[in-house]
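Geometric and topological summary
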Amino acid sequence: MAASIFVVAIVAGALWLGVWIGGSVEHRRLQEYIIMQSEGVDAMSSELQKEYALKVAAMEHRLAGNDKLLQTIAAMRNYYVDPIKLEDIYEKAIPALLSELDPHSEYIPAKMFSSVNESLEGEFDGIGIVFNASTDTITVLSVIPQGPSSVAGVRPGDRIVKIDNRVVAGKKIPQDSMVKLMRGKRGTRVKLAVKRASLDELVEMEVTRAPIELHSIETSFMLDSESKIGFVRLSQFSRTSHSEMQKAIAKLRKEGMRALIIDLRGNGGGFLDQAILIANEFLPADRLIVYTEDRFGDQLKEYSRGNGTSTDLEVAVLVDETSASSSEILAGAIQDNDRGLVIGRRTFGKGLVQSQIPFEDGSAMRLTVARYYTPSGRSIQRPYTNGDEMAYHMDIIDRYNRNEFFTADSIHFDETQKFKTRGGRTVYGGGGIMPDIFIPLDTMGTNGYYRSVWDGNVLYRYTMEYTDRHRARMDEIKSLAELDALLSEGDLLGDFIAYAEARGVETNEAELNASRDIILAQLRAYIGRNALHDDAGFYYNIYPIDNTLQRAVSELRKSLNKSR
């Protein structure tokens, strides 16, 4: 429909010019016909329609000139032997056209547009629960306070057995399909039947869907209370990321924060303006944050405004191979301005700017219109071949096979892509952000015993059963200290080993000793995730085995000691 309207618009525009110049009656009548056709108005007799349809077809051919695509569309619409829906053909043709460009130009069908954008918009319509379905049953991990499910009586630990009288437990329904069953327009209702540990019968309730806020900051807390090092986990750059960051920093400052770790690992990007606003918080005035350059060489530069609230904090930014786009812009701005340390592994390398072009039917095209550059002049985008999307996405696997995840010496830089930071340090372009401190991927402890309890989902099932057994205390936990006190009671690891043996996992003492630290940390982390309303319980307890996070704390302690 969109391309049809486009051709009609060209013809109508040409006819308007003809009317303005000559004012002929035939031009006017042909113009009226085209307008009526574009509006779906059938006001002419069939004979008159045929007559003018031929004239429109002839004019379309003249306007198309040597453009084979426009000629093809016109011919298909006017002469094909059978009636066809061009709209259905466009749904296949447009993605094929865009696939011949770079890997990030794409077509978004109307039916997918809302789901593609909702995570970035900061809001969706739903029932307000955080759940996991890895055990083939929807287990409610937490309920948003005062949200729709909370009002209806849903509790953490509930297992959802039925949704609108449809049994979903044990049916191997994909998690995204379960999400669709629970989401819907605000004001509509959904019936739930849940299994509660304290009761034999199912508990039925009706939940009225309502707007649910999405948060891009998963958690923020004081990771090192003695050194006053705060931690913020930013999972994406949504419309609310900057305001969320401001609130998180303000909260941590009240606790005496002197340094901050921003965790961007796994953050695939989002809104550019949010990355710029967050970078602005840490930079003094008139520092270049990022710039874009289009095909004509025109540049758009973004500078810090001098109103940042956190220019006094020591900063470390954590990245990995899945940190992309806006994450790389923020990391690059911190690194090139020598404002803090970037720690981890080389980032993804997505430095192409997309402009979203909407169509009338609710679909959209995201077309690459420029490239991102860091303040030192580095292009963030890694190399690609137009039309070869498969090779582009296989690059991450190729990096792994080249040992790049395990040693910095395996990463070879192009000497022609050498740049200098504001302070004169050498950094390299050619794709992604290479961290100041490289931390290899840690595979220690991933032996046969660990794989048995992890791949077989035994470890996760134990953490859910532990949570059920301690539900009353878990619901009362309000702080990391209270969580730590609960998890320190008894022999958590010994209890888990017995649980695993009862489910057929034979204990191998040598392998258990090698993986003891990682298993215990994960037990505490996944139980901790069930205790608090954000992921503080997870990241606080995974810290002892997180080498990247540990190195960030160590480096920030050094900087803080020097500044005293």
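One can find the structure itself at the top, above this paragraph.
Only a predicted model underlies this, so the values are computations on that prediction, with no experimental measurement involved. (Residues numbered from 1 in each chain as written. Predicted model: local features only at pLDDT ≥ 70, side-chain atom pairs only at ≥ 80, totals over all residues. Heavy atoms only, no water.)

Some remarks on the pattern of salt bridges
The tally for this structure, following the rule as stated, stands at 26 salt bridges. The partner of arginine 346 in a salt bridge is glutamate 404, with the nearest N and O atoms 2.9 Å apart. A residue pair is termed long-range when its members are at least 10 positions apart, and arginine 346 in the loop between strand 16 (341-344) and strand 17 (352-358) and glutamate 404 in the loop between helix 12 (389-401) and strand 19 (418-420) qualify at 58 residues. Residue classification places arginine 346 among the buried positions, given a relative accessible area of 14%. Judged by relative accessible area, glutamate 404 falls into the buried class, the value being 6%. Between aspartate 436 and arginine 425 there is a salt bridge whose closest N-O contact spans 2.9 Å. (Salt bridge = Lys/Arg side-chain N within 4 Å of Asp/Glu carboxyl O. Helix = DSSP H or I, 4+ residues; strand = E, 2+ residues; numbered from the N terminus. Buried < 20%, exposed > 50% of the residue type's maximum accessible area, 1.4 Å probe, protein only.)

Things to note about the sheet that holds strand 21 (residues 437-438)
Taken in spatial order, the 6 strands line up as 10-11-12-15-16-21 in an open sheet, and their pairing is mixed. Both outer strands of the open sheet, strand 10 (217-224) and strand 21, are each paired with one neighbouring strand and no more. Strands strand 10, strand 11 (229-234) and strand 12 (259-263) of the sheet are contacted by helix 9 (residues 241-254), whose axis makes an angle of about 25 degrees with strand 10. Contacting strand 10, strand 11, strand 12, strand 15 (314-319), strand 16 and strand 21, helix 20 (residues 547-563) crosses the sheet at an angle of about 165 degrees to strand 15. (Pairing = 2+ DSSP bridges. Contact = heavy atoms within 4.5 Å. Axes fitted to C-alpha atoms, helices over the stretch in contact; angles between N-to-C directions.)

Observations concerning the packing of aromatic side chains
Using the criterion set out here, one finds 16 aromatic pairs in the structure. Between the aromatic rings of phenylalanine 413 and tyrosine 428, the centroid separation amounts to 4.6 Å while the plane-to-plane angle is 15 degrees, which identifies the pairing as stacked. Placement of the pair is phenylalanine 413 in the loop between helix 12 and strand 19 and tyrosine 428 in strand 20 (residues 426-428), with a sequence separation of 15 residues. Taking the centre distance of 6.3 Å and the plane angle of 45 degrees together, the rings of tyrosine 462 and tyrosine 466 count as tilted. Here tyrosine 462 and its partner tyrosine 466 are both found in helix 14 (residues 458-469), 4 residues apart, which amounts to about one turn of the helix. As far as burial versus exposure is concerned, tyrosine 462 and tyrosine 466 are alike and both buried. Among the aromatic side chains, those forming a connected cluster through ring pairs are Phe221, Phe231, Tyr450, Trp454, Tyr460, Tyr526, Phe538, Tyr539 and Tyr540. Positioned above the aromatic ring of tyrosine 291, the side-chain terminus of lysine 301 is 5.7 Å from the ring centre. Geometry around phenylalanine 348 places arginine 382 over its ring, the cationic atom sitting 4.2 Å from the centre. (Phe/Tyr/Trp six-rings, centres within 6.5 Å; stacked < 30°, edge-to-face > 60°. Lys NZ or Arg CZ within 6 Å of the ring centre and 35° of its normal.)

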